[in-house]
Amino acid sequence: MIIATWNVNSLKVRLPHVLDWLSGHAPDVLALQETKLTDDAFPADAIAEAGYRCVYAGQKTYNGVAILAKHEPADSVTDIPGLDDPQRRILASTVNGVRIINLYVVNGSEVGSEKYAYKLAWLDKVTGFIADERGRHERLVVLGDFNIAPDDRDVHDPEAWHERILCSTPEREALKRILDLGLSDCFRRFDQPAESYSWWDYRQAAFRRNMGLRIDLILSSPALTEACTACTIDVEPRRLERPSDHAPVVAEFSL
DNA sequence: ATGGTTGTTAAACAA
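Residues numbered from 1 in each chain as written. Chains lettered and ligands numbered in written order. Predicted model: local features only at pLDDT ≥ 70, side-chain atom pairs only at ≥ 80, totals over all residues. Heavy atoms only, no water.

A.B. asks: Mind showing me how you'd approach unusual backbone geometry here?
C.D. replies: Peptide bonds are, in most cases, trans, and in most cases residues other than glycine have a negative phi. Although it is not a glycine, K36 adopts a positive phi angle of roughly 55°. By secondary structure assignment, the location of K36 is in the loop between β2 (29-33) and α2 (44-49). On the basis of relative accessibility, which here comes to 28%, the residue K36 falls in the partly exposed class. Notably, L166 is not glycine yet its phi reads approximately 85°, a positive angle. (Helix = DSSP H or I, 4+ residues; strand = E, 2+ residues; numbered from the N terminus. Buried < 20%, exposed > 50% of the residue type's maximum accessible area, 1.4 Å probe, protein only.)

The structure is reproduced here in C-alpha cells:
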C-alpha cells in the first residue's frame, strides 16, 4: 500500500501535475493540502477519471485538504472537539482499513505572533484528537504539511533558522507530543540522503540551491511502522514549470 | 538588505 502527501499550493493550478503524478506513481492514497478550493469547485470528475475517489474540505482562497484514494474513503471527519475553526485544515478518513489523518498545520507566520499562538493552540487540540483516534485505530497514519522541521537535520541552514518559525522549540515540542502518542516519522526509519527537504521557498532560487526544510511528514502507528518498507521525497515535481513549493512524500507499506 | 516569489483576488494577505 502506497500512501503519499503533497501540499499542492492551489489544486486549480496544480491539477495537471497531480494527475500526472497519480498516473506515474499509482498511490493507494494521496493526501493534499492547500487545495484553495471551495467544495463546489473541487475537480472530483477529473480525479474520478484518473481512477480515484475523493473526499475534501475546502474554503475560498486559503487552506483546504483532500484525500484521493483508489478505494472509497469512509468515516470522514473535518471538525474536532474543542476546536471551532472555520479554517479547513483537517480531514480524517478510513481507506482499506487504514485511518488517515490529513493535516495542514497552521504556518504561524512568526514566533511570538498571534498566528503563532493559534498554531500552538491548534496543535494542542489536534494532538488530543489524534490520541483519541489512535485509541480506536490500530492502523493509523498522520500525514501532511506539518509546518515544523523535526530537527536540525531537516533544515538547510540551522543557524539562520534557529528558533525561527517552523523550527522553534515550542513547535518541535508540540510535534514531539504527537510522536509520543506512539507514532514514527517514516522518513527517519531509513537511511536517507543528507540535505533531504520537502519545501523550498519560491524566492532566492531556493530550490536550485537546495535551501529547503523537511516539513511534510508521514507518521505511522507501530502496526504500520513494522510494515513500512520505504519512505522517500519525490523532488521531480518541484522541477516542473509552475511547481508547488512543496514536493510529495511517499511511504510504502507491505499490507 | 524586513528584500525576494507565487496564489488568490483585485490591494492586500498568506505562505
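Anyway, onward from the coordinates.
A.B. asks: What should I look at first to understand the sheet that holds strand β5 (residues 74-77) in this one?
C.D. replies: The strands making up a sheet are joined through hydrogen bonds of the backbone, oriented either antiparallel or parallel. On the basis of which strands lie adjacent, the open sheet formed by six strands has the order β5-β6-β7-β8-β12-β9 and mixed pairing. Where the open sheet ends on each side, the last strands, each with one partner, are β5 and β9 (184-185). Here β5 pairs with strand β6 (residues 90-95) via two bridges, running antiparallel. Bridge pairing links A74 to T94 in β6. On the sheet, helix α3 (residues 114-136) packs against β5, β6, β7 (98-104) and β8 (140-145) and is oriented at approximately 175° with respect to β7. Against the sheet, helix α5 (residues 169-179) touches β9 and β12 (216-220), its axis set at about 30° to β12. (Pairing = 2+ DSSP bridges. Contact = heavy atoms within 4.5 Å. Axes fitted to C-alpha atoms, helices over the stretch in contact; angles between N-to-C directions.)

A.B. asks: Honestly, the pairing of strand β14 (residues 249-253) in this entry has me stumped. Any pointers?
C.D. replies: In summary, the side chains of a regular strand alternate between the two faces of the sheet. Burial of β14 is extensive: four of the five residues sit out of reach of the surface. Examined bridge by bridge, strand β1 (residues 2-7) and β14 share four bridges and lie antiparallel to one another. Residue pairing across strands places I3 opposite A251, the latter belonging to β14. Examined bridge by bridge, strand β13 (residues 228-233) and β14 share five bridges and lie antiparallel to one another. Along β14, the bridge assignment pairs C228 with F253.

Purely geometric stuff here, so don't read any function into it on its own.
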